[in-house]
Amino acid sequence: MEKARFWQKSVFMKSGVFFKITLLVFLVSFLLLARPGESAAVYQFNEPVQITSNPGQDFAPTVSPDGKLLVYVSDQSGNLDLWLKYLDPAVHLPDRRLTFHSAEDNSPAFSPDGKSIVFVSNRSDPRGDIYLLPLDRAKGTKKGFLGGMLFGDSTSDSGDKDAVDEGLVRLTSSDSADGDPVWFPDGQWIYYASQAPEASQKKIVKIEIKTGIKSQVLAGLNPSISRDGRYLAFVSGNALWVQ
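**Student:** Kindly report on the overall build of the chain, identifying the contributing residues and their values.
**Tutor:** Within the chain one finds two helices and 15 strands. Classification of the 243 residues of the chain by burial places 34% in the buried group. Contacts in the chain between residues at least 24 apart in sequence constitute 36% of all its contacts with a sequence separation of at least 6. If you sum the accessible surface of the chain, you get close to 15,300 Å²; carbon and sulfur atoms cover 57% of it.

If you want it as structure tokens, here you go:
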């Protein structure tokens, strides 16, 4: 008799615990799902947000590795120049002009460490040359274009525009048409497409930034390098190739 009562009591207690757990799960689920609209609004990761509204064209964006900066091409100044935008929502600064030459500048790409920009310019060659812009040497500030946030104190953009490009490093000469620059992951090399005047097709060339030594890689254009540096994708003919 006592065993029967103990068994009934045990079953009842277990049933009570099960009921409490079930009720708790239901309440948690209800709180999470009661207002799905609000939950969805918080976790909408893929909602596009317009970040420029300049007159004219804005294109060719490149984002810094830390996601805080964006450099893009714009003709808001009257010709195609490079501009810098701060993506950090805590930083409320206007977009900053990085290049001032009357010739076109385009195809920017951030270095792996986020400290430099490689780009194509027609300032010395109408067919295009590759230039390097270390952001801590760009003009418009006393110690670098990014101002106090990264490199030093900011100053006015007005001044001697003839000297604003002193921070540039020209990587290629005017004996070829150069474009499509991309960084090798170690930040020591830049790959680009080049075509000599007598050549019938473009070739991918790599240049060591420190020494300026160039090496031909293969025939093709539009190079793209994997993050680990193991693969080089490119265009040849009407097809994509990987090496």
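Past the structure itself, the notes keep going.
**Student:** Run through the sheet that holds strand 5 (residues 105-110), naming residues and quoting values.
**Tutor:** What holds strands together in a sheet is hydrogen bonding between their backbones, with the strands either parallel or antiparallel. Ordered by their spatial adjacency, four strands build an open sheet running 5-6-7-8, and the pairing between neighbours is antiparallel. In the strand order of this sheet, the two ends are held by strand 5 and strand 8 (169-170), each with one partner. Relative to strand 6 (residues 116-121), strand 5 runs antiparallel, the two being bridged by four bridges. Directly across from Asn106, in strand 6, lies its bridge partner Val120.

**Student:** Could you give an account of the confidence of the model for the chain, with specific residues and numbers?
**Tutor:** The predicted coordinates of low-pLDDT regions are not to be read in fine detail. For the chain, per-residue confidence averages 79 on the pLDDT scale, and 70% of positions sit at 70 or higher. Segment residues 11-15: pLDDT under 50, and zero contacts once partners within four positions in sequence are set aside and those in other chains are kept.

**Student:** Can you lay out the environment of Asp186 for me, pointing to particular residues and giving the numbers?
**Tutor:** Following the sequence through the fold, Asp186 ends up in the loop between strand 9 (177-183) and strand 10 (189-195). Overall, the relative accessible area of 42% leaves Asp186 in the partly exposed class. As for Asp186 and Ser111, which are separated by 75 residues in sequence, their C-alpha atoms are 9.1 Å apart. Here the side chain of Asp186 touches Gln188 through a polar contact of 2.9 Å, landing on its backbone nitrogen.

**Student:** A description of the side chain of Asp129 should follow, citing residues and the corresponding values.
**Tutor:** Tracing the sequence through the fold places Asp129 in strand 7 (residues 129-134). By relative accessible area, which is 0% here, Asp129 ends up buried. A distance of 3.3 Å separates a polar atom in the side chain of Asp129 from a polar atom in the side chain of Thr172. Apart from the residues within four sequence positions on either side, Asp129 is in contact with Phe119, Val120, Ser121, Ser124, Arg170, Thr172, Ser173, Ser174, Ser176 and Asp178.

**Student:** Tell me what's going on with the sheet that holds strand 11 (residues 203-208), and back it up with residues and numbers.
**Tutor:** Judged by pairing direction, the sheet is antiparallel, and its four strands sit side by side in the order 9-10-11-12 without closing on themselves. Looking along the sheet, the strands with just one partner apiece sit at the ends: strand 9 and strand 12 (214-219). Looking at each pair of strands side by side, their axes are set apart by 30° on average, direction ignored. By the bridge criterion, five bridges tie strand 11 to strand 12 in an arrangement that is antiparallel. Across the sheet, Lys203 pairs through a bridge with Ala219, a residue of strand 12.

**Student:** Kindly report on the pattern of salt bridges, identifying the contributing residues and their values.
**Tutor:** Under the counting rule described, the total for this entry stands at five salt bridges. The salt bridge partner of Asp81 is Arg97, with a shortest N-O separation of 3.0 Å. Here the residue Asp81 occupies a position in strand 3 (residues 81-86), and Arg97 occupies one in strand 4 (residues 96-97), the gap between them amounting to 16 residues. Residue classification places Asp81 among the buried residues on the basis of a relative accessible area of 0%. Taking the shortest distance from any N to any O, the salt bridge between Arg170 and Asp129 comes out at 2.8 Å.

**Student:** Could you give me a rundown of the nonpolar core, with the residues and numbers involved?
**Tutor:** Val71, Leu82, Leu98, Ile117, Phe119 and Leu133 are the most contacted members of the largest nonpolar core, which has 17 residues in total. Secondary structure elements with two or more residues in this core: strand 2 (69-74), strand 3, strand 6 and strand 7. Beyond its immediate chain neighbours, meaning those up to four positions away, Phe119 contacts Leu82, Thr99, Asp105, Asn106, Ser107, Pro108, Asp129, Ile130, Tyr131, Leu133, Leu168 and Pro181. In terms of nonpolar packing, the next biggest core, distinct from the first, is built from eleven residues, Ala109, Leu171, Ile190 and Tyr192 among them.

**Student:** Let's hear about the environment of Asn222: which residues, and what values?
**Tutor:** Its location among the elements puts Asn222 in strand 13 (residues 221-225). Considering only alpha carbons, one finds Asn222 and Gly179, 43 residues apart in sequence, at a separation of 8.3 Å. Not counting the four nearest positions on each side in its chain, Asn222 is found in contact with Asp180, Ala193, Ala233, Phe234 and Val235.

The rules behind each value
Residues numbered from 1 in each chain as written. Predicted model: local features only at pLDDT ≥ 70, side-chain atom pairs only at ≥ 80, totals over all residues. Heavy atoms only, no water. Helix = DSSP H or I, 4+ residues; strand = E, 2+ residues; numbered from the N terminus. Buried < 20%, exposed > 50% of the residue type's maximum accessible area, 1.4 Å probe, protein only. Contact = heavy atoms within 4.5 Å. Areas by Shrake-Rupley, 256 points an atom, 1.4 Å probe, with all protein chains shown as cover. Pairing = 2+ DSSP bridges. pLDDT = per-residue confidence, 0-100. Polar contact = N/O pair within 3.5 Å; in protein donor to acceptor, adjacent residues only side chain to side chain. Axes fitted to C-alpha atoms, helices over the stretch in contact; angles between N-to-C directions. Salt bridge = Lys/Arg side-chain N within 4 Å of Asp/Glu carboxyl O. Core = buried A, V, L, I, M, F, W, Y, C linked by side-chain atoms within 4.5 Å.

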